[in-house]
Amino acid sequence: MDSSSSFSSSSLDYLTLFLIRPILAIAFVLSVISIGWWLAWKLVLVHVPLVQEIFGLRKKPVKPKPPTRRLSKIYKSMNARDSSASSWLRFNVAGLASSF
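As the structure is a prediction and not an experimental result, all values here were calculated from the model. (Residues numbered from 1 in each chain as written. Predicted model: local features only at pLDDT ≥ 70, side-chain atom pairs only at ≥ 80, totals over all residues. Heavy atoms only, no water.)

Novice: Looking at this model, I keep getting lost on the overall build of the chain. Mind explaining?
Specialist: Across its full length, the chain carries three helices and zero strands. Its helices and strands taken in sequence order, the chain reads α-α-α from the N to the C terminus. When the accessible area of the chain is evaluated, it comes to approximately 9,400 Å², of which 72% is carbon and sulfur surface. (Helix = DSSP H or I, 4+ residues; strand = E, 2+ residues; numbered from the N terminus. Areas by Shrake-Rupley, 256 points an atom, 1.4 Å probe, with all protein chains shown as cover.)

Okay, here's the thing in structure tokens:
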């Protein structure tokens, strides 16, 4: 009878050693990783724009397409400058002609 009680206690020790302890160790490691990730997310990662875009937290503002392109703006500004210069030139020429 004494040997049977020692046998059952040793099988319980083996069960604890080979099954329960590794499961508890894995659960502990996963919980530490999860808590660390949660803290990093709440404190730092939620403020990083790249992470916000990846997880869809911040939508990019949709900009309407401009009615004119860049080159047409340049040409319009050149035309406006030319027309203002030519009107200034006409005014000065008219002013000079009237002074003679």
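That was the structure; now back to the text.
Novice: What should I look at first to understand the packing of aromatic side chains in this one?
Specialist: Each pair of aromatic rings is reported with the distance of its centres and the angle of its planes. Following the criterion strictly, the structure yields three aromatic pairs and no others. Ring centres 5.3 Å apart and planes at 85° place the aromatic pair Trp41 and Phe55 in the edge-to-face group. Highlighted residues: Trp41 in helix 1 (residues 2–43) and Phe55 in the loop between helix 2 (49–54) and helix 3 (70–99), separated in sequence by 14 residues. On the accessibility criterion, Phe55 (52% relative accessible area) is exposed. Aromatic rings pair up to connect Trp37, Trp41 and Phe55 into one cluster. (Phe/Tyr/Trp six-rings, centres within 6.5 Å; stacked < 30°, edge-to-face > 60°. Buried < 20%, exposed > 50% of the residue type's maximum accessible area, 1.4 Å probe, protein only.)

Novice: Please explain a nonpolar patch on the surface as it appears in this structure.
Specialist: Where nonpolar side chains cluster on the molecular surface, the patch consists of Leu12, Leu15, Leu19, Ile20, Ile23 and Leu24 and spans about 560 Å² of accessible area. Position of Leu15 relative to the elements: it lies in helix 1. Look at Leu15 and you get partly exposed, because its relative accessible area is 40%. (Patch = residues over 30% accessible without salt bridge, like charges linked within 9 Å, V, L, I, M, F, W, Y side chains within 5 Å. Salt bridge = Lys/Arg side-chain N within 4 Å of Asp/Glu carboxyl O.)

Geometric values such as these leave the question of function open.
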